[in-house]
Every structure is written in C-alpha cells, then in structure tokens.
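# Summary of the model geometry
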Amino acid sequence: MYFDALKTFVTLAEVKNFTKTSDSLHISQPSVSLHIKNLEKEFQTELFMRSPKHVQITPTGDILYNRAKQIISLYEQTKDDILDHHNSVQGELTIGASFTIGEYILPSLLFKLQNDFPELELKVVIGNTEEIVEYIRQFKVDIGLIEGQTNEKELFIHSFMKDELFIIASPSHPSIKGNITWGDLQDHTWITREVGSGTREYLEHVIRSNGLKVKSLISISSNQGIKECVIQGMGISLLSRSVIVRELKHGELSIIPIENQSFTRTFSYVVSPIMKNKKSVEAFINVIRPM
C-alpha cells in the first residue's frame, strides 16, 4: 500500500524540502526519496522538479496532491470511525472560522463542545471567508464557519444562525445626531475588512444598493483594528453586534441609526461531503444547529 508514500508526498509538496520532510515525518532522507521515486514509478510521471535548495511540484504532481489529501482524510476518518464504534467522540476536530465568528461566536461553542466531549481534541484556524472555504476544499480543516457566501458546488453549506450588523461611529461623530438618512452618509470614510471577508462583501452590498458615494476606504484585516480606528474618529464602519457589544456598553462606540433600516445576514457552516459523516463533525453540527 502506498499510504506512507502519499503522506511523504503531501508533506514534501507543502514544505518543499527533503530535509524538512524527513524531520517532520521522523524518517530518513533516503526513505523520503524512495517514497517519491516509488510514486513516480507507479504513476509514470515526474512529481517534482528538483533543485539544490528546494523542490517545485509539477502539474501532474498537483493533481496527485489534491487526490492524496482526500485519500489521507478518508483514511483518518476510517480510523476515527473504527475507534468510535462505541459511539464515543474522540480524536481531533479542526474547525475553520471566519474572523467575526472565530473571535466572538465560536468560543462559547467550543466551551459546550468540550464539556460534552472531553476526549475530543480541538483545533481552530481563523481566516476570512475565502480562506476558510479554501481550507475546507483542501481538507486543512474538518468543518468551516463562514459569514460570507461560497459558490463551491462540491461543498455542503447550511445556515446555523442569523447575525445583525450596525453602522457605527465614535460618540463624537456628527452623523449620529438627529434623524439619519442615507444622504447623511454620503462622502464618508469607511473602515472595513479586507477583500475576501464576509463583512467586507456585505458592506459593499450596502454601499451599492443604497447608492452611497464613498470618500475613501481603509481596509484592515482585524475587527479590533477597525474598532480602534472608528473610536479614534477616522471614519465609520459596519460591524456585527457581537463584535461591538462591549464598546457600546462602555460608550466607546455609537450606532448610527437609519430609520426603518436593519442589516441582517446568515452565518453558515461549510463541510465537504467526505467529512460530513465524521463523528466529531456530526457532534459539532449538533452543537451549533439549535442556534
């Protein structure tokens, strides 16, 4: 069976160095070379272009890499299923989450999951929506929680909660006074998340649909960074209630209310069909489903 060779191949493809691959897998460098040689013989193709300092994966190697990741994930899932034949949930669960969810929603979910399944080892990877979808596709995470949308037809996506967003400013900002209309928000500086973020995608939708003229956009890949800029009076923003609740309570931020206008979106979990029946993934879905 070529399973060990596939693990070696995937590691080499990711670290791009024979010595680092050897150290990572705790096998000798000749064993690494032999595994790659056997795979190249099996598939009758060159998988890597070698140079003294690093290796570069070939187009056919890239095809094998995606398949190998699936094979390894299936193998690990099979091991977990065999271990879990008494319906115990154990092993490792890697959760990907976009920033708003990962920083403000996920912690309470992890607390419940840990209480319900103390033998489950939890790992969390945080990125923007585009990054999390790509991690799921590449089997770098078992399940992802996103605030944006995805057109990946090979993945299963399902909503698990509603989220309300608010336009915010510093308490001294003139736009929070009186009855606010969209006309009052013309020619403002907006502090926003980076391209690829679900929050950025939603803000762009709000700007387009209400015909807002933007003075300038400041992009920051951190919710905390956005809040600090708004507090300093650098501009206004649109953020989830979960992100701003503490600052609102302490009077550091204020909501800009627009009459008869609310902003809502859906948080979703995304999972590969291959991972959907994994015991730990099922357990996590059951935790978030009632929200």
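Thresholds, definitions, all that
- Residues numbered from 1 in each chain as written.
- Predicted model: local features only at pLDDT ≥ 70, side-chain atom pairs only at ≥ 80, totals over all residues.
- Heavy atoms only, no water.
- Pairing = 2+ DSSP bridges.
- Helix = DSSP H or I, 4+ residues; strand = E, 2+ residues; numbered from the N terminus.
- Axes fitted to C-alpha atoms, helices over the stretch in contact; angles between N-to-C directions.
- Parallel < 35°, antiparallel > 145°, perpendicular 65-115°, else oblique.
- Left-handed = near helix turned anticlockwise from the far one by under 90°.
- Contact = heavy atoms within 4.5 Å.
- Nonpolar A, V, L, I, M, F, W, Y, C, P; charged D, E, K, R; others polar.
- Phe/Tyr/Trp six-rings, centres within 6.5 Å; stacked < 30°, edge-to-face > 60°.
- Lys NZ or Arg CZ within 6 Å of the ring centre and 35° of its normal.
- Salt bridge = Lys/Arg side-chain N within 4 Å of Asp/Glu carboxyl O.
- Buried < 20%, exposed > 50% of the residue type's maximum accessible area, 1.4 Å probe, protein only.
- Arc of directions from axis to C-beta.
- Polar contact = N/O pair within 3.5 Å; in protein donor to acceptor, adjacent residues only side chain to side chain.

Alignment of strand β6 (residues 156-169) against strand β11 (residues 263-271), held across nine bridges, turns out to be antiparallel. Directly across from H158, in β11, lies its bridge partner Y269. When β6 meets strand β9 (residues 237-240), the two strands line up antiparallel, connected through four bridges. Paired with I168 across the bridge in β9 is S237.

This next bit is on the packing of helix α8 (residues 223-231) against helix α9 (residues 241-249). Remark: α8 packs on α9, axes separated minimally by 11 Å, with the N-to-C direction vectors making an angle of 40 degrees. The angle between the axes of α8 and α9 places the two elements in the oblique class. Between α8 and α9 lies a crossing whose hand is right-handed. When α8 is examined against α9, the residues N223, Q224, K227 and I231 are found in contact with a partner set consisting of V243, I244 and E247. Its residues placed into classes, the contact of α8 with α9 shows three nonpolar, two polar and two charged.

Applying the stated rule across the entire model yields five aromatic pairs. Taking the ring centre of F156 as reference, the NZ or CZ of K276 above it sits at 4.8 Å.

Our next topic: the pattern of salt bridges. Inspection of every chain in the model, using the stated rule, returns 13 salt bridges. The salt bridge involving E40 is made with R50; its shortest N-O contact spans 3.0 Å. One end of the pair, E40, is in helix α3 (residues 29-43); the other, R50, is in strand β1 (residues 48-50), and ten residues separate them in sequence. Under the relative-accessibility criterion, E40 is labelled buried at 15%. With a shortest N-O distance of 3.0 Å, E194 and R193 are connected by a salt bridge.

Of the residues making up helix α2 (residues 18-25), those classed as buried are F18, T21 and S22. Across the axial projection of α2, the buried residues extend over an arc of 100 degrees, all falling on one side. Within α2, the exposed residues directed more than 90 degrees away from the buried face are K20 and D23. Turning to α2, the residues buried within the fold contact α1 (3-15), α3, β1 and β2 (55-57). Among the residues of α2, the N-terminal cap falls to N17, whose side-chain oxygen and the backbone nitrogen of T19 are separated by 2.9 Å. After α2 finishes, the residue H26 shows a positive phi value of roughly 60 degrees.

Turning next to the packing of α2 against α3. Where α2 contacts α3, the two axes come as close as 9 Å, and the packing angle between them is 105 degrees. The orientation of α2 relative to α3 falls into the category roughly perpendicular. Residues F18, T19, T21 and S22 of α2 lie in contact with α3, whose contacting residues are Q29, V32 and S33. Here the residues of the contact of α2 with α3 sort into two nonpolar, five polar and no charged.

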